[in-house]
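What follows is the residue order along each chain.
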Amino acid sequence: MQFIDRAKIEVIAGNGGDGMVAFRREKYVPAGGPAGGNGGRGGSVILEAVEHLQTLLDFKYKRIFKAEDGKRGGSNNCTGASGQDLCIQVPCGTMIYEAETENLLGDLIEPGQTLCIAKGGTGGLGNKHFLSNRNRAPDYALPGKEGEQHHLRLELKLIAEVGIIGLPNAGKSTLIASLSAARPKIADYPFTTLVPNLGVVRKPSGDGTVFADIPGLIAGAHEGVGLGHDFLRHIERTRLLLHLIDATAEDPIADYHTIERELEAYGRGLRDRPQILALNKLDAVDAERIKEIATELAQLSPHSLFKISAVTRLNLDSLLQQIWKTLEGRDSP
């Protein structure tokens, strides 16, 4: 499935139905008077956040959404039927902007959360409404009002409590596969992961926590280099960053600084987000080299540091315990 996290759409609410001009024509009612009903309300366009969607792919193929128009008023003072509202489902984490002004109209985070984005037009008044002592036989009615119309820009920011960050080939996909049921594509070259991967990791209590593997962060990512500019936004909602460092890299310390600089350059508070460091690929490096890297990282960073192997699951239980403690707001042991 393609990962689409931006889309532009047009939404058009239904027009209100016209009011009707009608008079009573019953056999034993010689002065029946006006009996034209009001038009029905036009349908509104409503956005609803749902859990089963993960991308905005649906909006790549359909971009114009129109709700049903209200029906015309009827005789015998009958009001026209209202147009049916149009409900558009979007993934949780979708932000809705007015395309022309870039004004934020809504942010749908919780499942079931809704936003009425375009209100249907009101129905026109039938001639019955204009009956008065001075006008006993009004022969006019009002047309229905047009529904609202908007050009929207949708932007998806994935909702995950833990964001796994690091340079390409640091083992992010392997880690999320080891911790959850997610099965991302994994290979031994950079940029294997071209889209964010989500995995649900179970706590000891049985609750699930969503982890996101954020791809493509390299030097200059905040300026559009690599894939990171497109996906950095997906860690804005995370509560905790898990910074994965490849122990087999030529210079793991330089790699650490690269990611930290990108977080700071991107801004939006990412640099100050709670963070845990994980020195990965313990199984592929000798103990002395691991000790040397870990000592230097401990001097550079105030964050907790864990030495792990995502492939062999070495020390992953200890890492998870620290993640749960951090999410619960408890200090490190």
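Because the structure is a prediction, the values reported are computed rather than measured.

Peer 1: How would you summarise the pattern of salt bridges if you had to cite specific residues and measurements?
Peer 2: Across all of its chains, the model carries nine salt bridges by this definition. In this structure, the salt-bridge partner of E155 is R153, at a minimum N-O distance of 2.9 Å. In this pair, the class of E155 matches that of R153, namely buried. Residue D246 is joined to K281 by a salt bridge in which the shortest nitrogen-to-oxygen separation is 3.3 Å. Placement of the pair is D246 in strand β12 (residues 240-246) and K281 in the loop between β13 (275-280) and α5 (287-300), with a sequence separation of 35 residues. One connected set of salt bridges, linked through shared partners, spans E102, R153 and E155.

Peer 1: Go over the packing of aromatic side chains, please, and point to the residues and values.
Peer 2: Applying the stated criterion to the full structure yields three aromatic pairs. Note on F211 and W324: the rings are 6.2 Å apart at their centroids and 85° apart in plane angle, and the pair reads as edge-to-face. Of this pair, F211 sits in strand β11 (residues 208-213) while W324 sits in helix α6 (residues 316-327), placing them 113 residues apart in sequence. Each of the two residues, F211 as well as W324, counts as buried.

Peer 1: Summarise the sheet that holds strand β7 (residues 114-118); cite the residues concerned and give the values.
Peer 2: The strand order β4-β2-β7 describes an open sheet built from three strands, whose pairing is mixed. The strands lining the two open edges of the sheet, one partner per strand, are β4 (86-91) and β7. Shown here is a sheet whose adjacent strand axes are inclined to one another by a mean of 30°, direction ignored. Of the pairings in the sheet, the one linking strand β2 (residues 45-50) to β4 comprises six bridges and is parallel in character.

Peer 1: Describe the sheet that holds strand β6 (residues 104-108), listing the residues and the values that go with them.
Peer 2: Backbone-to-backbone hydrogen bonds join strands into a sheet, with any given pair of strands oriented parallel or antiparallel. Taken together, five strands build an open sheet; the order of strands is β3-β1-β8-β5-β6 and the sheet is mixed. A single partner strand is all that each edge strand has here, and the edge strands are β3 (64-66) and β6. The mean inter-strand angle of the sheet, taken between neighbouring strand axes irrespective of direction, is 25°.

Peer 1: Describe the layout of surface pockets, listing the residues and the values that go with them.
Peer 2: Looking at the largest pocket, its volume works out to about 400 Å³. Around the largest pocket sit 17 residues that line it, and E51, Q54, C92, I159 and V210 are the ones nearest its centre. With three residues, the top contributor of residues to the lining of the largest pocket is strand β10 (residues 197-202).

Peer 1: Go over α6 with me, naming the residues and quoting the values.
Peer 2: Three or four residues apart is the spacing at which side chains of an α-helix point the same way, because the helix has 3.6 residues per turn. Between its first and last C-alpha, α6 extends 16 Å over twelve residues, near the 16 Å set by a 1.5 Å rise per residue. Those residues of α6 not exposed but buried are L316, L319, L320, Q322, I323, W324 and L327. Just downstream of α6, G329 is the residue with a positive phi angle, here 85°.

Peer 1: Lay out the side chain of S44 in plain terms, naming residues and giving numbers.
Peer 2: Within the secondary structure layout, S44 lies in the loop between β1 (6-12) and β2. We classify S44 as buried; its relative accessible area is 9%.

Peer 1: With reference to specific residues and values, describe the nonpolar core.
Peer 2: By size, the foremost hydrophobic cluster in this structure holds 23 residues, and its most contacted members are V11, F59, I96 and I117. Excluding residues that lie within four positions of it along the chain, V11 makes contacts with V45, F65, I88, I117, A118, E148, Q149, H150 and L152. Within the second largest apolar cluster, 22 residues are counted, among which are L244, I276, A310 and W324.

Peer 1: Now, about the pairing of strand β5 (residues 94-98): what can you tell me, with residues and values included?
Peer 2: Side chains on a regular strand alternate between the two faces of the sheet. With five of its five residues buried, β5 lies for the most part within the structure. By the alternation rule, side chains of β5 split into T94, I96 and E98 and M95 and Y97, which are all buried.

Peer 1: So, the confidence of the model for the protein chain: which residues are in play, and what are the values?
Peer 2: For the protein chain, the average pLDDT comes to 84, and 86% of its residues sit at 70 or higher. Predicted confidence in the protein chain is weakest over helix α3 (residues 228-231), with a mean pLDDT of 54, and strongest over β3, with 97. Low pLDDT (under 50) marks residues 218-229, which in the prediction has 33 contacts with non-local residues, meaning those over four places away or in another chain.

The rules we used
- Residues numbered from 1 in each chain as written.
- Predicted model: local features only at pLDDT ≥ 70, side-chain atom pairs only at ≥ 80, totals over all residues.
- Heavy atoms only, no water.
- Salt bridge = Lys/Arg side-chain N within 4 Å of Asp/Glu carboxyl O.
- Buried < 20%, exposed > 50% of the residue type's maximum accessible area, 1.4 Å probe, protein only.
- Helix = DSSP H or I, 4+ residues; strand = E, 2+ residues; numbered from the N terminus.
- Phe/Tyr/Trp six-rings, centres within 6.5 Å; stacked < 30°, edge-to-face > 60°.
- Pairing = 2+ DSSP bridges.
- Axes fitted to C-alpha atoms, helices over the stretch in contact; angles between N-to-C directions.
- 1 Å grid on protein atoms, 1.4 Å probe; cavity = no way out; pocket = protein on both sides within 12 Å on 5 of 7 lines; lining within 4 Å.
- Points joined across faces, edges and corners; volume = space filled by probe spheres on them.
- Expected span 1.5 Å × (residues − 1).
- Core = buried A, V, L, I, M, F, W, Y, C linked by side-chain atoms within 4.5 Å.
- Contact = heavy atoms within 4.5 Å.
- pLDDT = per-residue confidence, 0-100.

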